[in-house]
Amino acid sequence: MKLTRTVLGSIVVAVSVAAPAFAALGGDATSVQLDLARMKGALRTTSTARFTVHEITTSYGTVVREYLTPADKVFAVSWHGPVIPDLRQMLGRYYGQYEQAASAPHPGGHRHLAIERPGLVLQSGGRMRAFYGRAWAPDLLPQNFSLSDIN
Amino acid sequence: MRKSVAPALALIQLGFLAACGGGGYGRGTTTPPPPTQMIATPGPPNVETLTVDAGPTGGVNTAFVSVQICVPGTMTCQTIDHIEVDTGSTGLRILADVPFTLTLPQATNGSGGPPMTECLQFADGSSYGSLRVADITLPGSGEHAANVVVQLIGDSTYPVPTGTITGQSACPGIAENSVQAFGANGILGVGPFAQDCGGGCAAPNPPLAGVYYNCASPSTCVDANASLTEQVANPVSMFTTDNNGVIVELPAVGAAGITTVSGSLVFGIGTRTNNALGMATVLPEDPNSGFITATYKGIAYAAGYIDSGSNGNFFTDSSLTQCTTATGFYCPASTMSESATLQGTTATMLAADFSVANAETLFSNASYTAFSNLAGTIPNPPPPPQAQPFDLGLPFFYGQNVFTAIEGNTVSGTMGPFFAY
């Protein structure tokens, strides 16, 4: 059964003043709320038996999704829209791995990036006005989870 | 080779062939020979030499020109080589550590307003720097644009925003603020749009995060809106003539690849005898996104585009083996022939034929920089109804002239933005 609720961004914007900017991959639902506040977005939550998706539509049109295990851990994130969200915030403690891998020479030029590390997989693509991407922590994935569900 | 699958257009082409006397196309002949590609000779007034080589950092499938940049209204100029030609972005951007030695006036947000900076986002990182005003000349053709807003990437006066002060969003991702990290001395964005961000950056409240900034001081830049005239501009739009688009003309490249390729970047479409649309088929783009639809193996990808700034053809095909060391590229055991059908906002459809070779085999010849059969994966795209990408990159340009018309211009009765080949 699907469960959907919508929270207006404006309600939680006030929280952002005091909220430290921490997020997402590897974090818990608290980090989703912090992201929501920081992105000044609207939240839609969808739950299945195996995972929960928090979808934040930012004021600037980028859609960010954060995937949580039943144990409340963010195991994947995705984004699509006119601008890329703040990846330092989205990737949390995984940002260092991303930074190291993405700084190395990579064959895809400016339009495509694919990173595969033991602890982090990240795929990013697009061009000005239209970006998309996703990242996940392989060791946090729920059992029998299909990667095609990260979209 | 390409073929048109629009019935109306096919009739027009047949009529044209008949009018020309038909040559060898006798009754019963259904397939004309491949069109002979004509590459314009570089020189005045509108043709620039375009070169594919390793560039400053050893890349593949990257096309470069030289650009002369001058302090506005003066003869104080610097010519920079190896500026990447990108039909998938908009605006001239130069890397400060080329080194760029001119002092260009700072672009401000409105007359007397604060100096502006920009975070230019790419899929693999972002480039940050101040906005400056320059006169631009393409040295081979002499095409000229005055008082153009450009970006000086890696301008050491301005620390990269980290989002730690009120009103400031971070410039996200890995910094590409040096020639080494960027892979070119600069980039000449000659894509379908007249400005880089467009209306989306002009008036939203709050401003778009991590794009334009107003800087009361270099370390206190905050998110800002930018009107169309304040944004980084497509230099071609600001030429006095030949300002409605470009043609990328690169010769064919054989199956194994080649060390270097020389061709032409032609300015203007249908403005002179050397830049007529001719037999090219026009695919009008969505005016907001610049996308066309690509149908490949029965799946319609709504975010299709043709882009000289992509160094491969990038698309989703689970039947193609992916490389193990060249992450993100395809490595089929034998070269595959593929075809997509492209469609713009009209009924006209156009076949896009390309082949996919083993990328690791191609890359094994380290001196080669141009490959017509290099292809890679797309990160798992969003599901419908969101746009799914299909990216025909520089490999698609070899052996056929590709037209990119800028928004707001009408060429041969079609309003830009459009692609044609």
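Residues numbered from 1 in each chain as written. Chains lettered and ligands numbered in written order. Predicted model: local features only at pLDDT ≥ 70, side-chain atom pairs only at ≥ 80, totals over all residues.

(A) Quick look at the overall build of chain A. Along its length, chain A carries four helices and eight strands. Helices (α) and strands (β) of chain A occur, in sequence order from the N terminus, as β-α-α-β-β-β-β-α-α-β-β-β. Taking all 151 residues of chain A together, 46% fall into the buried category. Here the contacts in chain A between residues at least 6 apart in sequence split such that 47% fall between residues at least 24 apart. (Helix = DSSP H or I, 4+ residues; strand = E, 2+ residues; numbered from the N terminus. Buried ≥ 20, exposed ≤ 12 C-beta atoms within 10 Å, placed from the backbone. Contact = placed C-beta atoms within 7 Å.)

(B) Representation of the overall build of chain B. Scanning chain B for helices and strands turns up three helices and 24 strands. Considering only residue pairs separated by 6 or more positions, chain B has 72% of its internal contacts joining residues 24 or more positions apart.

(C) Region of the structure containing the domain arrangement of chain B. Residues and elements named next belong to chain B. Per the domain assignment, the segments of chain B are domain 1 (47–238) and domain 2 (275–420). The centre of domain 1, based on its C-alpha atoms, is set 26 Å off from the matching centre of domain 2. Contacts between the two partners involve 22 residues from domain 1, matched on the other side by 22 residues from domain 2. With three residues, the top contributor of residues to the side of domain 1 that touches domain 2 is strand β3 (residues 77–86). Tallied by class, the residues present in the side of domain 1 that touches domain 2 amount to 10 nonpolar, nine polar and three charged. (Domains from an automatic or database assignment. Nonpolar A, V, L, I, M, F, W, Y, C, P; charged D, E, K, R; others polar.)

(D) Quick look at the pairing of strand β4 (residues 63–68) of chain A. All names here are of chain A. Of all the six residues making up β4, five are buried; the element is thus mostly covered by neighbouring parts of the structure. In this structure, strand β3 (residues 52–57) lies alongside β4, joined through six bridges in antiparallel fashion. Looking across to β4, one finds that T52 is bridged to L68. In this structure, the hairpin formed by β3 and β4 is closed by a connection of five residues, where G61 is found at a positive phi of approximately 95°. Where β4 and strand β5 (residues 74–81) come together, six bridges link them in antiparallel fashion. Within β5, the position partnered with V64 by the bridge is W79. Where β4 hands over to β5, the hairpin turn is made up of five residues, of which D72 adopts a positive phi near 75°. (Pairing = 2+ DSSP bridges.)

(E) A look at the interface of chain B and chain A. Across the boundary between the two partners, chain B contributes 45 residues, which contact 40 residues of chain A. Residue assignment for the side of chain B that touches chain A shows that the elements contributing at least two residues are β5 (116–122) and β20 (389–392) of chain B. Among the residues forming the side of chain B that touches chain A, the class breakdown is 21 nonpolar, 20 polar and four charged.

(F) How the structure looks around the nonpolar core. Core analysis: the largest hydrophobic core is formed by 146 residues, its most contacted members being L25 of chain A together with V65, I94, F403 and F419 of chain B. With six residues, the top contributor of residues to this core is strand β7 (residues 144–153) of chain B. When sequence neighbours within four positions are dropped, the list of residues in contact with L25 of chain A reads V74, V77, M90, L91, G92, Y94, A135 and A137 of chain A. (Core = buried A, V, L, I, M, F, W, Y, C linked by C-beta atoms within 7 Å.)

(G) Main features of the pairing of strand β2 (residues 42–47) of chain A. All names here are of chain A. For β2 and β3, the ladder comprises six bridges, and the chain directions are antiparallel. For R44, the partnering residue across the bridge sits in β3 and is E55. Here β2 hands over to β3 after four residues, the two strands then running antiparallel side by side.

(H) Broad picture of the confidence of the model for chain A. Considering every residue of chain A, the mean pLDDT works out to 77; 79% of them sit at 70 or more. Note that residues 1–23 of chain A has pLDDT below 50 and, in this model, 43 contacts with residues that lie over four places away or in other chains. (pLDDT = per-residue confidence, 0-100.)

(I) A look at unusual backbone geometry. Residues and elements named next belong to chain B. The residue after V98, namely P99, is reached through a cis peptide bond having omega 10°. Here P99 lies in the loop between β4 (90–95) and β5. Here the phi dihedral of K297 falls at roughly 50°; this positive angle occurs in a residue that is not glycine.

(J) Representation of the environment of V133 of chain B. Residues and elements named next belong to chain B. Of note, V133 is situated in strand β6 (residues 125–137). Sequence-wise, V133 and T101 are 32 residues apart; in three dimensions their C-alpha atoms are separated by 15 Å. Residues in contact with V133, not counting those within four places in the same chain, are P72, L104, P105, A107, N147 and V149.

(K) Fine view of the confidence of the model for chain B. Residues and elements named next belong to chain B. With 90% of its residues at a pLDDT of 70 or more, chain B has an overall mean of 90. Note that pLDDT drops below 50 for residues 1–30; the model gives that stretch 26 contacts with residues more than four away or on any other chain. For this predicted complex, the interface score ipTM comes out at 0.77, alongside a pTM of 0.85.

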